[in-house]
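Summary of structural features
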Amino acid sequence: MKKNPFHGLLTFSDYYVDIAAQVATYFGFLSPSPKSVQIARNKDLSRICLLEKSVPSAKFHIVKSFEEALKAAKDIGYPCVVKPTAETSSYGVECVFNDEQLLKAFNFANSIIINERGQRREGKVLIEEYMVGEEVSVETISINGDCHVLGITSKGLTGWPNFVECEFSFPYKIPENTRNSVIDVVKSALNAIGYFHGPCHTEIKLTKEGPKVVEFNPRLGGRFISKMISDSLGIDPIKEVIKLAMGDSVDLLPKRNIGTAWSAITAPSTGFLKEIKGKEEVLKSSGVEIFILNAKIGDFVRKPTNNGDTIGYIYTLGKDAADARDNLKKAREKLQLIISS
C-alpha cells in the first residue's frame, strides 16, 4: 500500500508540470491527468490532438530535417513560424520570411536538445502558419470537468522575428460575441486534450476566421498574471490552486472589479546601458503601483529575443483594464534608456 507523505502536489513551472502530474496521480491526489499534461506541454502533440478533434488551430508540420522544413514552408507559405516542440518563454520561436531565415531558425530550434532546466527534449521542430490577429490568453481553473473562466488577458508582443511578451492587461474586455467564441474554443480545446482538473493559461489568436489556439500552458499564467487576477478580482489564484490540489473547497467568486496592467522593460537595442532618464517621473505617474529596473548604468543589455531578456517592469492599476493600460502607456513613455554599442 502506497503511503502518502503529502496532502497534495502541484507545480507552477512548465518544466515540471508533467512529473508533478505523474507523482500526484501515483499517490492518488487530485490532479490533471498525466496524459493531458503531456499533450498540453508538447506543442506537436497539442496540434495533432486539436486537428483530430476539429478545434481551430494553426496549420502545421512536424519536421526533423531542413529538407522536411523546406517542404513544410512551401506547403504553409511564408511567413511561417519555427519553434521547438517543448520549450517556454518564447525561447527559440521565430517568424521567418524566406529559405535563408528558415535554415537559421530551424538549426537553432533543432539544436535545443537540452532545455533551460537541463532536461532532454526530442529533436523535433514545428513549422506553423503565421496566424494574423490579436493575441489574448484565457485564464481558467477546472474542477472535476467544470471549467471556470477567471477572465481574458490582453497580450502585447514584440514585433518580428520573435514573439516576446511585453505587455498584459486584465480583465480584458472584447465584444461579447467574440468573447463567447473565444471561451467556446478554449473549453473545446481543454476537452479535446482531456484536461479536466487544474489551472490553465491558454493562448488564443483572434484571426479573421475566428479564434484559434496558439498553445496551452497547464499551470497558472506566468509573470504578473496571478497578481493581476488577485488585484482585479480579489481572487488569489495561487492560494486557490493549492487548495484545489489538497482537495479543499475553492472560492472563485469575484470580490472586486478593477483593472490592472503590466509592461516589461526591455532594451531598444543591444549594447551597454549608458543613461537612464525619467525614473522619478515614472514613479510619480498616475496608477503606478510597482516600478522595478534591474539593469544599471554600464550593464550589457540586448534587444529581446525571449522573455528572459526583460530588465524590469511597470505595474499599474485603473478603474478598468483600459484605464490601467492607459496609465501604463503614459508611465512607460516617461522612461528612456540610452544604449551605446
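Relevant structure appears above.
Keep in mind that this is a model prediction, so the values were computed, not measured.

A look at the overall build of the chain
Of regular secondary structure, the chain possesses 10 helices and 15 strands. For 341 residues, the compact-globule estimate of 2.2 N^0.38 gives 20 Å, and the chain sits close to it at 21 Å. Over its C-alpha atoms, taken along the principal directions, the chain stretches across nearly 60 × 55 × 45 Å. Looking at the 341 residues of the chain, the share that counts as buried comes to 50%. A sequence separation of at least 24 residues applies to 67% of the contacts in the chain between residues at least 6 apart. By element, 51% of the accessible surface of the chain is carried by carbon and sulfur atoms, the whole surface being about 16200 Å². Of the charged side chains in the chain, 44 are positive and 41 negative, and the gap between their average positions amounts to 2 Å.

Notes on the sheet that holds strand β10 (residues 259-265)
Across the sheet, which stays open at both edges, the eight strands sit in the order β9-β8-β5-β6-β7-β10-β14-β12 with antiparallel pairing between neighbours. Unpaired on one side and paired on the other, β9 (210-217) and β12 (288-293) mark the two borders of the sheet. Neighbour to neighbour, the strand axes of the sheet diverge by 25 degrees on average, direction disregarded. Here strand β8 (residues 198-207) runs beside β9; their pairing, made up of seven bridges, is antiparallel. Directly across from lysine 205, in β9, lies its bridge partner lysine 212. Across the sheet, helix α10 (residues 321-333) touches β6 (146-157), β7 (165-170), β10, β12 and β14 (312-318), and the angle it forms with β10 is around 30 degrees.

Regarding the sheet that holds strand β11 (residues 271-277)
Here three strands make up an open sheet; going across it, the order is β13-β11-β15 and the pairing antiparallel. Edge positions in the sheet fall to β13 (300-301) and β15 (336-340), since each has one partner strand and no second.

Some points on unusual backbone geometry
As a rule of thumb, non-glycine residues mostly have phi less than zero, and peptide bonds are mostly trans rather than cis. Cis geometry marks the peptide bond from tyrosine 78 to proline 79, where omega comes out at -5 degrees. Considering the arrangement of structural elements, one finds proline 79 in the loop between α4 (66-76) and β2 (80-84). Cis geometry is found at the peptide bond from phenylalanine 170 to proline 171, where omega equals -10 degrees. Counting through the fold element by element, proline 171 comes out in the loop between β7 and α6 (176-193). Positioned with a positive phi, serine 54 is a non-glycine residue whose angle comes to about 60 degrees. With respect to the helices, strands and loops of the structure, serine 54 is situated in the loop between α3 (43-52) and β1 (60-63). The phi dihedral of asparagine 144 is positive, around 50 degrees, even though this residue is not glycine. Examined against the element boundaries, asparagine 144 turns out to sit in the loop between β5 (134-143) and β6.

Regarding the packing of aromatic side chains
Across all of its chains, the model carries eight aromatic pairs by this definition. Their ring planes at 45 degrees and their centres at 5.2 Å tell us that phenylalanine 224 and tyrosine 315 sit as a pair that is tilted. With a gap of 91 residues between them, phenylalanine 224 in the loop between β9 and α7 (225-233) and tyrosine 315 in strand β14 connect regions that are remote in the sequence. Across the pair, tyrosine 315 and phenylalanine 224 agree in class, each one buried. Ring centres 5.4 Å apart and planes at 65 degrees place the aromatic pair phenylalanine 272 and phenylalanine 300 in the edge-to-face group. Of this pair, phenylalanine 272 sits in strand β11 while phenylalanine 300 is found in strand β13, placing the two residues 28 residues apart along the sequence. Judged by its relative accessible area of 53%, phenylalanine 300 is exposed.

Observations regarding empty space enclosed by the protein
Enumeration according to the criterion identifies four cavities of 30 Å³ or more in this entry. The calculated volume of the largest cavity comes to roughly 210 Å³. Surrounding the largest cavity, 19 residues form its lining, Leu9, Leu10, Ser31, Pro32 and Pro199 being those nearest its centre. Those elements giving two or more residues to the lining of the largest cavity turn out to be α1 (17-26), β8 and α8 (237-246). At four residues, the largest contribution of residues to the lining of the largest cavity is made by α1.

Reading guide: rules and limits
- Sequence order as written defines residue numbering, which begins from 1 separately in each chain.
- In view of the model being predicted, local features appear only for residues whose pLDDT reaches at least 70, and side-chain atom pairs are presented and counted only at 80 or more, with totals across whole chains, interfaces and linings using the full set of residues.
- Note: side-chain values were computed over all heavy atoms of the structure, leaving out hydrogens and water.
- Labels follow the DSSP assignment, with helices taken as runs of H or I lasting at least four residues and strands as runs of E lasting at least two, numbered in each case from the N terminus.
- Each radius of gyration is computed over the set of C-alpha atoms, and the globule rule expresses the reference value as 2.2 Å times the number of residues to the power 0.38.
- Buried, partly exposed and exposed residues are distinguished by accessible area as a fraction of the type maximum, computed with a 1.4 Å probe on protein chains only: under 20%, between the cut-offs, and over 50%, respectively.
- By definition, residues are in contact when any of their heavy atoms lie within 4.5 Å.
- With residues, only the protein chains shown are counted as cover, and all accessible areas are computed by Shrake-Rupley using a 1.4 Å probe.
- Charged residues are defined here as Lys and Arg on the positive side and Asp and Glu on the negative side; His and the ends of the chain fall outside this count.
- Positions of charges follow a simple convention, taking NZ of Lys, CZ of Arg, CG of Asp or CD of Glu.
- Should DSSP find at least two bridges between two strands, the strands are taken to pair.
- What counts as an axis is a line fitted to C-alpha atoms, over the stretch in contact for a helix, and the angles between N-to-C directions run from 0 to 180 degrees.
- Within 6.5 Å between ring centres, the rings of Phe, Tyr and Trp (the latter by its six-membered ring) count as paired, and their orientation is classed by plane angle as stacked under 30 degrees, edge-to-face over 60, tilted in between.
- In this analysis, the protein atoms alone were mapped onto a 1 Å grid. Cavities are point sets where a 1.4 Å probe fits without being able to get out; pockets are open sets with protein on both sides within 12 Å along at least five of seven lines; lining residues have an atom within 4 Å of a point.
- Grid points are joined across faces, edges and corners, and a volume is the space filled by probe spheres set on the points.

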